[in-house]
Amino acid sequence: MIACFIGVLCGVITGLIPGLHVNNVGALIFVFSAYFLKNFSPEVLSVFLLSLSVSHALLEFIPSMLLGVPKESTALVVHPAHKMILGGYGKKTIRLVAVGGLSSILILAFLFPLLSILLPILEKILKPYICIILILASIYLLISLNRSVRSTLISTIIFLVSGIFGILVLKLPFSSNVLLTTMFLGLFGVSTMLYSLKENSYIPYQSEIHNFKVNGNIIRGIISGTFASIFLAFLPGFGPAQGSVIAQEFCGKNKNEYESLITAISSVNVSDSLFSLLTVYLIGNARSGIAVYISQFLGEIDLMKILLFIFVGITSVSLSFFICIKIGEWMIENIAELNYKLMTIFIVVIITSFVYILSYFENANVILVSFCYFTSIFLGILPHSLKINKSYLMGCLIIPAIVMYL
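Residues numbered from 1 in each chain as written. Predicted model: local features only at pLDDT ≥ 70, side-chain atom pairs only at ≥ 80, totals over all residues. Heavy atoms only, no water.

The secondary structure content of the chain amounts to 18 helices and 0 strands. Counting the 406 residues in the chain, one finds 58% classified as buried. Residue pairs in contact within the chain that sit at least 24 positions apart in sequence constitute 82% of those at least 6 positions apart. Accessible surface, the chain: about 17700 Å² in total, of which carbon and sulfur atoms supply 71%. (Helix = DSSP H or I, 4+ residues; strand = E, 2+ residues; numbered from the N terminus. Buried < 20%, exposed > 50% of the residue type's maximum accessible area, 1.4 Å probe, protein only. Contact = heavy atoms within 4.5 Å. Areas by Shrake-Rupley, 256 points an atom, 1.4 Å probe, with all protein chains shown as cover.)

Next comes the structure, spelled out in structure tokens:
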């Protein structure tokens, strides 16, 4: 329980740091694991990592929404969340995120007996057709989110170019932590902030009354997000970001109603923290860095450990639920008083410094890292300029997965 509480607090801190991915934290713990294992059991370390992962997944939405610094898992939430915050509904947005994350973990825990029966059967049926599923899913996403031939053509070009870029970057001879962090900070983080500077964005006054009520839109978002996360178990290369796009299809097409989409993205992101461990036990598929590290600590994951993880997941997300609302409200009440332009420039400088500091500790080539980082930024600005969905930049992971299976 102490490891769980400390993990939640650490996840709150790491989640609020712009640009910091939970896998970077997990990698740091793993590097010093020999020391930790002399003082703590593998179960204690695993509980700490899982609770940190759940808390981080929920709290990372706050800098994504307010500061425009998304990771790959929160990239799609930026647009609808910004729309609501620009309308003065920041407190309601925070509650949508918190409810989505909490509900998804509870649903997964409830469905675990059924999933333990169905997932291994479905995995055997679908495994030979993974490549075809990836291609069809990609084509569907390209067509479904566009309403004209021109936007479909542009989206396809962006998707393919980002895919080629992803293949080149993933072939670079250094740590995947550096590669993925650098690429996604450029594609979805710094590029968004630089474009917001051009548009002279600012944070308006936020309403004191949140008017939050659970309705059909919110319930649909929770269910869509949770089942999209389950669907991702069969799609290598598809993470929470792609799951968010899939969930988006079940959340309605009304662009003026963002409640379902925000709730669905939160559900996908937070439930993936626990579900990636369940898939290790059920089908032997570790879908996240944290799941890989925990598997290394524990060796074989049996039913008793899975029940422990479900309990830890529920405890962690319950604590994070209240912390997310309190911290989110405090930031919303105070951020309107800050100079948004200066704050954005400051965060861009911090993120850029973080990229090079990480590269230094990972012994990565500075010239290649710079190529990856600045190309990612330029590529990330294109969807803003061309008025298309930034989710097509996820081709940087999807297309390499397709190529690998082909």
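Now that the structure has been shown, we can carry on.
Summarising the element assignment, I398 is placed in helix α18 (residues 395-405). Separated by 261 residues in sequence, I398 and A137 have C-alpha atoms that sit 9.9 Å apart.

Under the criterion given, the structure shown has 5 aromatic pairs. Ring geometry for Y373 and F374: centres 5.3 Å apart, planes at 65°, overall edge-to-face. The buried category is assigned to Y373, whose relative accessible area is 1%. On the basis of relative accessible area, F374 is assigned to the partly exposed category, the value being 38%. (Phe/Tyr/Trp six-rings, centres within 6.5 Å; stacked < 30°, edge-to-face > 60°.)

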